[in-house]
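# Structural characterization, general
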Amino acid sequence: MKAGLFGIGLSTYWPQFKGLKERLEGYQQQIAGRLGAEITLVNAGLIDSIEGAWAAADLFRKEDVSVIFLYVSTYALSATVLPVVQKAGSPPVIILNLQPIKAIDYDWFNKLGDRGVMTGEWLANCQACAVPEIANVFNRAGIKFHQVTGTLDDEEAWEEIMDWIAATRVAVQMQHNRLGVLGHYYNGMLDIYSDLTLQCATFGGFVQHLEMCELDELRKEVSASEIAAKRLEIAEAFYVLDECPEAELDRAAHTAVAMDKLVARHQLGSICYYYEGMPDNAYEDIISSVITGNSMLTSRNVPVAGEYEVKNIQAMKIMDLFGAGGSFTEFYGLDFNEEIILMGHDGPGHLSIAEGKPILKPLGVYHGKPGKGLSVEMKVKYGPVTLMSVVENPGKGLKLLVAEAESVPGPILQIGNTNGRYKFPMPIKTFVNNWCAEGPAHHCAIGTGHIAGKLQKLGSLLNIDVIKVC
């Protein structure tokens, strides 16, 4: 990801106020230093003329910047701002309204005596002066923009700037994500049926349709040494119960190696899957042994969602790109005594956000699914968490549904599933009613940390609504 940076000034000022331009350029270099430590930065310098604006636009377009940071260093004409953004192709614009200091020392200022010096000092601190003009012109030109207001050393403002960088990075990575879809929908689960074209139109990326027969062929090519190596990885990643049959561990390792090969062959960044197959069929053997390996893939930043949940794998991928994890989950039950919600899912869990070491358990039956095999039991780390659902909003495209909560300790249902206990900043009756009123599918992604602010910024960049329930 590349970001553009340009500052603005008025060339008329430079001969009038000695040292003003150099001072403002110094402020811009402070900003460039902090931005450049996070991203590849294309710095077009201080723009103070139409010709400079055109040159900056050409530079940004040539470098294919994903976002433009506009530093309002002093008053400047909006005519030197608009062409930069328009000619660069109108990428998202973040206006940086950052004063060098919190406030001018009025006594010191008024004792300067020389009104020219005083005016130059004021111009070095009047960043806010041009922001309404720029906002007015951007609105009238149909250019979307966002603002950060504060001081050059305002850590709250810089936290907001870093959130914009993180959101832009995720938007760019989603544009290049290859989503593998394997199998078919769970019959009759109408809420998860998805419009793949709408997903691509909103997030970008490419949908790679995968074949069970290809996975079967890859599985046939797996060697005994590869299975043995994967067994060692499994032993490292999980607390493997003694009751797990050796044959099931071998079967899980065998399929995990084949899934790794499928991911590598198609350069997949995420996968959703579901299949049944006839009893004792090779495909049933594969699909009933994927949970272990798919959980390991998820922890390696290739999230995997069961039940062919396209919308939820998008949510899981977004959460993962933000560094929050993003584990497959659904409502398991309401505990009205303790005002907590039990949430989890059978299937791949995000091992990287587990509280303690995930447990590998054998199940005699997969509820509602064919076959039997190994399953993962884990809780999400205690502390702040964020729930997210990608929702198809009838007639309005997609929206993001978000809630912040806490993962809390306590008893869970020890049925070999990923599950945990979550406390919300409102009564659980209210939360469930408000969440469901937005029309999500019954799955969602859960990740660590409170990242609703970052998700709201991502929604702004993608031009889709973000609904925060709490």
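Placed above this text is the structure.
Residues numbered from 1 in each chain as written. Predicted model: local features only at pLDDT ≥ 70, side-chain atom pairs only at ≥ 80, totals over all residues. Heavy atoms only, no water.

### A look at the packing of helix α7 (residues 155-175) against helix α16 (residues 452-462)
To keep things clear, this is the line we draw: Each axis is a line fitted through C-alpha atoms, taken for helices only over the stretch in contact, and angles between the N-to-C directions span 0 to 180 degrees. A run of H or I in DSSP counts as a helix once it spans at least four residues, and a run of E counts as a strand once it spans at least two, with each numbered from the N terminus. Note that the term roughly parallel is reserved for angles under 35 degrees, roughly antiparallel for angles over 145, roughly perpendicular for angles of 65 to 115, and oblique for everything else. Definitions for this section: a left-handed crossing has its near helix turned counterclockwise from the far helix by less than a right angle. A right-handed crossing has that turn clockwise. We call two residues contacting when some pair of their heavy atoms lies within 4.5 Å. The nonpolar class holds Ala, Val, Leu, Ile, Met, Phe, Trp, Tyr, Cys and Pro. Asp, Glu, Lys and Arg form the charged class, and all remaining residues, Gly among them, are polar.
Two elements in contact, α7 and α16, have axes whose closest approach is 8 Å; the angle formed by their N-to-C orientations is 55°. Here α7 is positioned oblique relative to α16, judged by the angle of their axes. Considering the relative orientation of α7 and α16, their crossing is right-handed. Taking contact as the criterion, the partners of Glu160, Asp163, Trp164, Ala167, Thr168, Val170 and Ala171 in α7 are, on α16, Lys454, Lys457, Leu458, Ser460, Leu461 and Leu462. Tallied by class, residues from the contact of α7 with α16 come to seven nonpolar, two polar and four charged.

### A few points about the pairing of strand β3 (residues 67-72)
Rules: The rule is simple: take the accessible area with a 1.4 Å probe, protein chains only, and divide by the maximum for that residue type; under 20% is buried, over 50% is exposed, in between is partly exposed. Here a crossover is taken to be right-handed if, once the strands point away from the viewer, the path from the first strand over the helix to the second is traced clockwise.
The element β3 is largely enclosed, with a buried count of six among its six residues. Where burial is concerned, the two faces of β3 agree: the one with Val67, Phe69 and Tyr71 and the one with Ile68, Leu70 and Val72 are both buried. Once you follow β3 into helix α3 (residues 82-87) and on to strand β4 (residues 93-99), the crossover reads as right-handed.

### As for the pattern of salt bridges
Opposite charge on two side chains permits pairing when their charged atoms draw close. Just so we agree on the cut-off: Between Lys or Arg on one side and Asp or Glu on the other, a salt bridge is scored when a side-chain nitrogen of the former is within 4 Å of a carboxyl oxygen of the latter.
Considering all chains together, one arrives at 21 salt bridges under this definition. For Asp260, the salt bridge goes to Lys230, with nearest N and O atoms at 2.6 Å. Pair noted here: Asp260 is in helix α11 (residues 246-266) and Lys230 is in helix α10 (residues 224-237), with a separation of 30 residues, a long-range link. Looking at Lys230, the relative accessible area reads 4%, which means it is buried. One salt bridge in this structure joins Asp260 and Arg300, with 2.9 Å as the shortest N-O distance. Here the residue Asp260 occupies a position in helix α11, and Arg300 occupies one in the loop between α13 (291-299) and β10 (304-305), the gap between them amounting to 40 residues. On the basis of relative accessibility, which here comes to 40%, the residue Arg300 falls in the partly exposed class. One continuous salt-bridge network, built from bridges that share partners, spans Arg219, Glu248, Arg251 and Asp285.

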